[in-house]
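Here are the chains, one letter per residue:
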Amino acid sequence: MALSVSSAKLSTGVEDDKVHEAFVFPKFVVMGHRGFGMNMLQSPDEKMKSIKENSILSFNVAADFPIDFVEFDVQVTRDGCPVIFHDNFIFTQEQGVNIEKRVTEMALREFISYGPQKDGENVNPMFRKTKDGRIFQWKVTKDDPLCTLKDAFVKVKRSQGFNIELKFDDNIVYGEEELRQTLENILKVVDEHAENRPIIFSSFHPDAALLIRKLQMSYPVFFLTNGGSEIYADVRRNSLDEAIKICQEGGLQGIVSEVKAILRTPNAITRVKDSKLSLISYGQLNNVVEVVYLQYLMGVEGVIVDMVMEISEAVASIEVRKEEDDEEVDGRKCLILSGEESKEVRISNDDAIGFLTKFVPKTT
């Protein structure tokens, strides 16, 4: 069942940016990463190459499971059309030579010409470059054409929430006017087609996150951070504490953190809550049921996942009860149902933290 509309939209009529009311999800939310999960073409796991990421097919398959949002990346083409694509570049081949083309420098017509077409043809094959420089042909079990943001609003089940990530290149310095034009193009599509769909905006780019908040007051804005897993020249991106500061200064509603940052500094959850901010997480560890379950216990409000079927069904089966007459005040008793099996587990907050930190590599 999708999240109720009212829970994903801020109250209207608030004009003073200094007024900041806490935004709280009404339940623990599960979000499908790029729909039914991102594609890792280099992975031996066929699940990571099952359905084309960031496609209408991927969004609608994900929506068949008990999730609340699909998360996807939006960029704007040279001619002002918001499109859904994660990478900064599309890779293709011309006469056997690999060629890269920046998404934001292409017109819409060229962008949608890559990959499978609606008529079944595939004239311009797509490739993907991994972080280590390897290039793989973009082959998945179930392919689907590239799409625009408008396509998603029109063709994806209307009950499905959208977490719209505002995608910008880390290696480019954007001026305010360029950011404004990009965001206004995106907001135009949202305003025309959102209707009552639950929507949140998110971005790793601090200025984009702050600006989208100034440009609209209807939908929550979350700041994305890896919490120091990588270090950037912009110090605002380098820790959860900096993320909290940005949210407080700009009137943002929450933080989307790499799960490793939360596991390394679990006390940050309290700092986020004390700042009247929501906290959800992303990262490959969110494909581990136990990690998701313990974040749930610790107060994280939602997760972005690739293993949509496995995680959504596990979360849907969790029943948490707190026994008021238990001597261990901080303890929680949980019944995890998985298929026909059930397991009752009692875990204290300290136990949870100890367990979680085992999943995080020690920093040097």
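Please refer to the structure higher up on the page.
Fair warning: this is a prediction, and the values are worked out from it, not measured in the lab. (Residues numbered from 1 in each chain as written. Predicted model: local features only at pLDDT ≥ 70, side-chain atom pairs only at ≥ 80, totals over all residues. Heavy atoms only, no water.)

A.B. asks: Sorry, what's going on with the nonpolar core here?
C.D. replies: Generally speaking, soluble globular proteins have nonpolar side chains that are buried together. Ile164, Val190 and Phe201 are the most contacted members of the largest nonpolar core, which has 66 residues in total. When residues no more than four places from it in sequence are discounted, the contact partners of Val190 are Leu149, Phe153, Ile164, Ile199, Phe201 and Tyr219. Counting 13 residues, the second-largest nonpolar core is a separate cluster that includes Leu41, Cys81, Val83 and Ile90. (Core = buried A, V, L, I, M, F, W, Y, C linked by side-chain atoms within 4.5 Å. Buried < 20%, exposed > 50% of the residue type's maximum accessible area, 1.4 Å probe, protein only. Contact = heavy atoms within 4.5 Å.)

A.B. asks: Before we go on, may I ask you to explain empty space enclosed by the protein in this structure?
C.D. replies: A water-sized probe, rolled over the atoms, reveals where empty space remains. The tally for this structure, following the rule as stated, stands at one cavity of 30 Å³ or more. Estimated volume of the largest cavity: approximately 60 Å³. In terms of lining, the largest cavity is formed by Lys52, Glu53, Asn54, Ser55, Ile84, Phe85, His86, Trp138, Asp144, Pro145 and Leu146. Its residues assigned to classes, the lining of the largest cavity shows five nonpolar, three polar and three charged. (1 Å grid on protein atoms, 1.4 Å probe; cavity = no way out; pocket = protein on both sides within 12 Å on 5 of 7 lines; lining within 4 Å. Points joined across faces, edges and corners; volume = space filled by probe spheres on them. Nonpolar A, V, L, I, M, F, W, Y, C, P; charged D, E, K, R; others polar.)

A.B. asks: Would you explain the side chain of His193 in this entry?
C.D. replies: By the element assignment, His193 lies in helix α4 (residues 176–193). Discounting chain neighbours no more than four positions away, the residues touching His193 are Lys150, Phe153, Val154 and Arg158. (Helix = DSSP H or I, 4+ residues; strand = E, 2+ residues; numbered from the N terminus.)

A.B. asks: Looking at this structure, I do not really get the pairing of strand β12 (residues 254–258). What am I missing?
C.D. replies: It is a general feature of regular strands that their side chains alternate between the two faces of the sheet. Taken across its five residues, β12 has five buried, putting it largely inside the fold. Residues of β12 alternate between two faces, with Gly254, Val256 and Glu258 on one and Ile255 and Ser257 on the opposite face, all of them buried. Judged from the four bridges that link them, strand β11 (residues 221–225) and β12 form a sheet pairing that is parallel. Within β12, the position partnered with Thr225 by the bridge is Ser257. (Pairing = 2+ DSSP bridges.)

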